[in-house]
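Coordinate analysis (summary)
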Amino acid sequence: MYYKFSGFTQRLAGATAAAAYTPQGLKPLAPTDYPHLIFGTSKPAPGLAAADPFLGKNKVPDLQKVFQKSDGLPVHLKLGYPDKLLYRTTMALTIGGTIYCLVALFIASQPKKQK
């Protein structure tokens, strides 16, 4: 006999094999047919090519050259000043947050003075 957890009674209840092996809330996959487009057309819009090529320049080869250059810099600082600014800001916020947490812990650990 197979058992399945009943969400209604919050206990195990008898079940069929298919129901016992199907997780609750999930149904077995059934093929779905997509509805037909109501406003679909088979003609491309006037003045546009069927498939426009990407108009931007591929930057990946240039970035690969920059990041693979062996100049002794870590990867997170290879792009120059913006990377340095972001790194230093992140470090300052991290150190500041750590100091703030330590001060808050120190203040919280001190007993309140009775008046």
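Note: the structure precedes this text.
Residues numbered from 1 in each chain as written. Predicted model: local features only at pLDDT ≥ 70, side-chain atom pairs only at ≥ 80, totals over all residues. Heavy atoms only, no water.

Quick word on the overall build of the chain
In terms of regular secondary structure, the chain is built from 3 helices and 2 strands. Its helices and strands taken in sequence order, the chain reads β-β-α-α-α from the N to the C terminus. The burial tally for the chain puts 3% of its 115 residues in the buried class. Contacts in the chain between residues at least 24 apart in sequence constitute 0% of all its contacts with a sequence separation of at least 6. (Helix = DSSP H or I, 4+ residues; strand = E, 2+ residues; numbered from the N terminus. Buried < 20%, exposed > 50% of the residue type's maximum accessible area, 1.4 Å probe, protein only. Contact = heavy atoms within 4.5 Å.)

Topic: the pairing of strand E1 (residues 2–6)
In terms of strand pairing, E1 meets strand E2 (residues 11–15) through 5 bridges, oriented antiparallel. Its bridge partner being in E2, Tyr3 is matched across the sheet by Gly14. Here E1 folds back onto E2 in antiparallel fashion, the turn holding 4 residues, of which Gln10 has a positive phi close to 60°. (Pairing = 2+ DSSP bridges.)

Description of the side chain of Lys78
Mapped onto the fold, Lys78 is located in the loop between helix H2 (60–68) and helix H3 (81–109). Residue class for Lys78 comes out buried when judged on its relative accessible area of 12%. Separated by 2.9 Å, the side chains of Lys78 and Asp71 make a polar contact. When residues no more than four places from it in sequence are discounted, the contact partners of Lys78 are Val66, Phe67, Lys69, Asp71, Leu73 and Asp83. (Polar contact = N/O pair within 3.5 Å; in protein donor to acceptor, adjacent residues only side chain to side chain.)

Quick look at unusual backbone geometry
The phi dihedral of Gln10 falls on the positive side, at around 60°, and the residue is not glycine. The topology assignment puts Gln10 in the loop between E1 and E2.

Section: the side chain of Asp83
Positionally, Asp83 belongs in helix H3. Buried within the structure, Asp83 lacks any salt-bridge partner; Lys84 is the closest side chain of opposite charge, at an N-O distance of 9.6 Å. (Lys, Arg positive; Asp, Glu negative; His and termini not counted. Salt bridge = Lys/Arg side-chain N within 4 Å of Asp/Glu carboxyl O.)

A few points about a nonpolar patch on the surface
The grouping of Tyr87, Met91, Ile95, Ile99, Val103, Phe106 and Ile107 at the surface amounts to a nonpolar patch, some 680 Å² of accessible area in total. With respect to the helices and strands, Met91 occurs in helix H3. (Patch = residues over 30% accessible without salt bridge, like charges linked within 9 Å, V, L, I, M, F, W, Y side chains within 5 Å. Areas by Shrake-Rupley, 256 points an atom, 1.4 Å probe, with all protein chains shown as cover.)

Here's the deal with the pattern of salt bridges
Where charged atoms of side chains with opposite charge meet at close range, the side chains can pair. Per the counting criterion, the structure on display carries 2 salt bridges. Here Lys57 and Asp62 are joined by a salt bridge, their closest N and O atoms 3.0 Å apart. For Lys57, a relative accessible area of 63% gives the class exposed. Residue Asp62 is classed as partly exposed on the basis of its relative accessible area of 34%. Residues Asp71 and Lys78 are paired through a salt bridge, measuring 2.9 Å at the closest nitrogen-oxygen approach.

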